[in-house]
Amino acid sequence: MNLIHHQDTFSIAQLSDLHLSDGRSFDGFLKVLKLAVAHSPDLLLLTGDLVNDGKTDGYDWLFKTLHQTNIPYLCMMGNHDVTQEMGHERPFNERQFLPIKADDRLIRHHRLTIEMTDTTWQILTLNSTINGKIHGRLSSDEMQFLQVHLSDHTPTIIALHHHPRPVGSAWIDAHMLSNGDDFWRTIAPYDGVKAVLCGHVHQAHSLQIDGKTLHTCPAVSRQFRPHQDDFAIDDVAAGFRLIQICNKKTLETCIKRVQN
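All values derive from a computational prediction rather than experimental measurement. Here the residue index of a chain counts from 1 through its sequence in written order. In view of the model being predicted, local features appear only for residues whose pLDDT reaches at least 70, and side-chain atom pairs are presented and counted only at 80 or more, with totals across whole chains, interfaces and linings using the full set of residues. Side-chain descriptors were evaluated using all non-hydrogen atoms of the structure, hydrogens and water having been removed beforehand.

(A) Expanded view of the sheet that holds strand E9 (residues 156-160). Note: two strands are recorded as paired if DSSP finds a minimum of 2 bridges between them. Secondary structure elements are taken from DSSP: a helix is a run of H or I of four residues or more, a strand is a run of E of two residues or more, and numbering for both begins at the N terminus. In spatial order, the strands read E1-E7-E8-E9-E10-E12-E11; together these 7 strands make up an open sheet with mixed pairing. Among the strands making up the open sheet, the edge pair consists of strand E1 (2-4) and strand E11 (206-209). Averaged over all adjacent pairs, the angle separating strand axes in this sheet is 20°, with direction ignored. Note that E11 and strand E12 (residues 212-216) share 4 bridges and pair antiparallel. Each residue of the ladder has a partner; that of Ile209, found in E12, is Lys212. Geometry is summarised by axes, namely lines fitted to C-alpha atoms with helices restricted to the contacting stretch, and by angles between N-to-C directions that run from 0 to 180 degrees.

This is the structure in structure tokens:
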């Protein structure tokens, strides 16, 4: 996929962890999407956990809604897009997690190039999901795709669902990317990597790791309280991450939240 953009800046709205399942979740997504669209992004990037339990009618509604924005979009899969969680009334460690087939409209590994006036950026999306599991892992195919496209000369954003390094919440860090160290060692030598984006944690962080920056995303659904060993809900509003890339190979980002 290639986008030609004859401007000095290009903006990306990252939305993550929609968990579409009922009327309230659909309404919550529309509020965040309205806020994102108001910032006139050039691309909508949805980084997984879009529809709970992989229900087709949820994806039908989502893709129809995104199409109506007339903004290019990429929709990645998260663990809830490939896993059905059974027994919500039970303690977490007693629930069942069953593998389900991902919707065919969700992208796997993918390269998007953005041609600006003097620079071409690339966004590399990686599928970190494992059917029937909460945690993630990059397969050998995903790692090979990454290695093929990494470059010192091309400014690059890498996006995946699972966080590749801990964020300081023990319970969610137990379900992160299992080969995150391998991933980080792979990208470490490349100055072209300007940012790594992920979802999954329902928290907003910007972490400096070995000269690279990991940006996590607030959820479109409920927010998780940061720096907690046990599961806890935060009272901050839902939101998205706004990323602006520039012709000079620089990147700026901030968090935008809906008004409660």
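(B) Molecular detail of helix H5 (residues 180-187). Throughout, exposure labels follow a simple rule: accessible area from a 1.4 Å probe, protein chains only, divided by the maximum for the residue type, with under 20% read as buried, over 50% as exposed, and the rest as partly exposed. When we look at burial in H5, the residues that qualify are Gly180, Phe183, Trp184, Thr186 and Ile187. Angular distribution of buried residues about the axis of H5 spans 160°; they occupy a single face of the element. Here a residue-residue contact requires only that any non-hydrogen atoms of the pair lie within 4.5 Å. Those residues of H5 that are buried are in contact with helix H3 (140-149), E9, strand E10 (193-198), E11 and E12. By construction, the arc corresponds to the directions joining the helix axis to the C-beta atoms.

(C) Structural context of the packing of aromatic side chains. Stacked, tilted and edge-to-face are the three classes assigned to paired rings of Phe, Tyr and Trp, where Trp is represented by its six-membered ring and a pair needs centres within 6.5 Å; plane angles under 30 degrees give stacked, over 60 edge-to-face, the rest tilted. Using the criterion set out here, one finds 7 aromatic pairs in the structure. A ring pair is formed by Phe63 and Tyr73, whose centres lie 6.0 Å apart and whose planes are at 55°; its orientation type is tilted. One end of the pair, Phe63, is in helix H2 (residues 56-67); the other, Tyr73, is in strand E4 (residues 73-76), and 10 residues separate them in sequence. Three or more aromatic residues joined by ring pairs make a cluster, and in this case those are Phe26, Phe29 and Trp61.

(D) Fine view of the sheet that holds E4. Strand order in this open sheet of 5 strands is E4-E3-E2-E13-E14, and the pairing throughout is mixed. Of all strands in the sheet, those bounded by a partner on one side alone are E4 and strand E14 (251-257). Direction aside, neighbouring strands of the sheet carry axes that sit 20° apart on average. Contacts between helix H1 (residues 23-38) and the sheet are confined to strand E2 (9-15), strand E3 (43-47), strand E13 (239-246) and E14, with E2 contributing the most and set at about 170° to the helix. Helix-sheet contacts for H2 involve E3 and E4, and the interaxial angle to E4 is about 160°.

(E) Geometry of the nonpolar core. Membership of the largest hydrophobic core comes to 29 residues, with the highest contact counts inside it found for Leu15, Phe29, Leu46 and Leu50. Sorting elements by how many residues they give to this core places H1 first, with 5 residues. For Leu50, the contacting residues outside a window of four places in its chain are Leu18, His19, Leu20, Tyr59, Leu62, Cys75, Met76, Asp81 and Leu106. Put simply, buried Ala, Val, Leu, Ile, Met, Phe, Trp, Tyr and Cys residues joined by side-chain atoms within 4.5 Å make one nonpolar core.

(F) How the structure looks around the environment of Thr154. Relative to the elements of secondary structure, Thr154 occurs in the loop between H3 and E9. By relative accessible area, Thr154 is classed as buried at 19%. Residues Thr154 and Ala170 lie 16 residues apart in sequence; the distance between their C-alpha atoms is 35 Å. Residue contacts for Thr154: discarding those within four places in its chain leaves Thr120, Trp121, Gln122 and Gly192.

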